[in-house]
Amino acid sequence: MKLTTRGHYSVKAMLDLSLQPHLASVKLISQRQNLPAPYLEKLLIQLRRAGLVESVRGAQGGYRLAKTPDQISLGQILDAVGEPINPLDLIAPEKAEDWVTFTLWRRLQENLREVLYGISLEELYYDARSWQAAQGENTNFMV
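Just so you know, these numbers come straight off a predicted model, no measurement behind them.

*Asks:* Would you take a moment to explain the overall build of the protein for this structure?
*Replies:* Helices and strands together make up the secondary structure of the protein, namely six helices and two strands. Mapped in sequence order, the helices and strands of the protein form the string α-α-α-β-β-α-α-α. Counting the 143 residues in the protein, one finds 31% classified as buried. A sequence separation of at least 24 residues applies to 61% of the contacts in the protein between residues at least 6 apart. Just so you have it, the protein exposes about 9,000 Å², and 52% of that area is on carbon and sulfur atoms.

*Asks:* What should I look at first to understand the side chain of Asp16 in this one?
*Replies:* Relative to the helices and strands, Asp16 resides in helix α1 (residues 5–18). Here Asp16 is in contact with Ile29, Arg32 and Gln33, once residues within four sequence places are set aside.

*Asks:* Quick question: what am I supposed to make of the layout of surface pockets here?
*Replies:* With a probe scaled to a water molecule rolled over the atoms, the places where space remains empty come into view. Quantified by volume, the largest pocket comes out at close to 230 Å³. Surrounding the largest pocket, Ser25, Val26, Glu41, Ile45, Arg48, Ser55, Val56, Arg57, Gly61, Gly62 and Tyr63 form its lining. Among the residues forming the lining of the largest pocket, the class breakdown is four nonpolar, four polar and three charged.

*Asks:* Is there a simple way to think about the packing of α1 against helix α2 (residues 26–33) in this case?
*Replies:* Direction vectors running N to C along α1 and α2 enclose 110°, while the axes themselves pass 10 Å from each other. The orientation of α1 relative to α2 falls into the category roughly perpendicular. Judged by residue contacts, Lys12, Ala13, Asp16 and Leu17 of α1 engage Ile29, Arg32 and Gln33 from α2. Residues of the contact of α1 with α2, tallied by class, amount to three nonpolar, one polar and three charged.

Criteria and thresholds
- Residues numbered from 1 in each chain as written.
- Predicted model: local features only at pLDDT ≥ 70, side-chain atom pairs only at ≥ 80, totals over all residues.
- Heavy atoms only, no water.
- Helix = DSSP H or I, 4+ residues; strand = E, 2+ residues; numbered from the N terminus.
- Buried < 20%, exposed > 50% of the residue type's maximum accessible area, 1.4 Å probe, protein only.
- Contact = heavy atoms within 4.5 Å.
- Areas by Shrake-Rupley, 256 points an atom, 1.4 Å probe, with all protein chains shown as cover.
- 1 Å grid on protein atoms, 1.4 Å probe; cavity = no way out; pocket = protein on both sides within 12 Å on 5 of 7 lines; lining within 4 Å.
- Points joined across faces, edges and corners; volume = space filled by probe spheres on them.
- Nonpolar A, V, L, I, M, F, W, Y, C, P; charged D, E, K, R; others polar.
- Axes fitted to C-alpha atoms, helices over the stretch in contact; angles between N-to-C directions.
- Parallel < 35°, antiparallel > 145°, perpendicular 65-115°, else oblique.

Here's what the structure looks like:
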């Protein structure tokens, strides 16, 4: 499975928000994660509609997570922005010999969905940090 730009940017933005103790503006997230601000804002609106982030208007406004990072799954993030979780459209086969292949792909998709919904934003953060530490990089976090 390969993430589209939409999915990748959404996960980056959510990881960035998980690191912020206060509201974060689109501009700051955009700068920290090297993302185009207009596109990021559209994604954050979708994430807000899905109940994953909250927004506060005004000069001191911005975005923050609506839930704790351990309560937000990768699957929820991807679903919120319309990222396809099922990589294939499965059509029931007409011939009996095709049922084995169909059943295999259906089960793989079910397992993929379970895994994506089983990975929390918190786990993803720690995995990224562990990889970053193993690479010997500094603590500046960019996904």
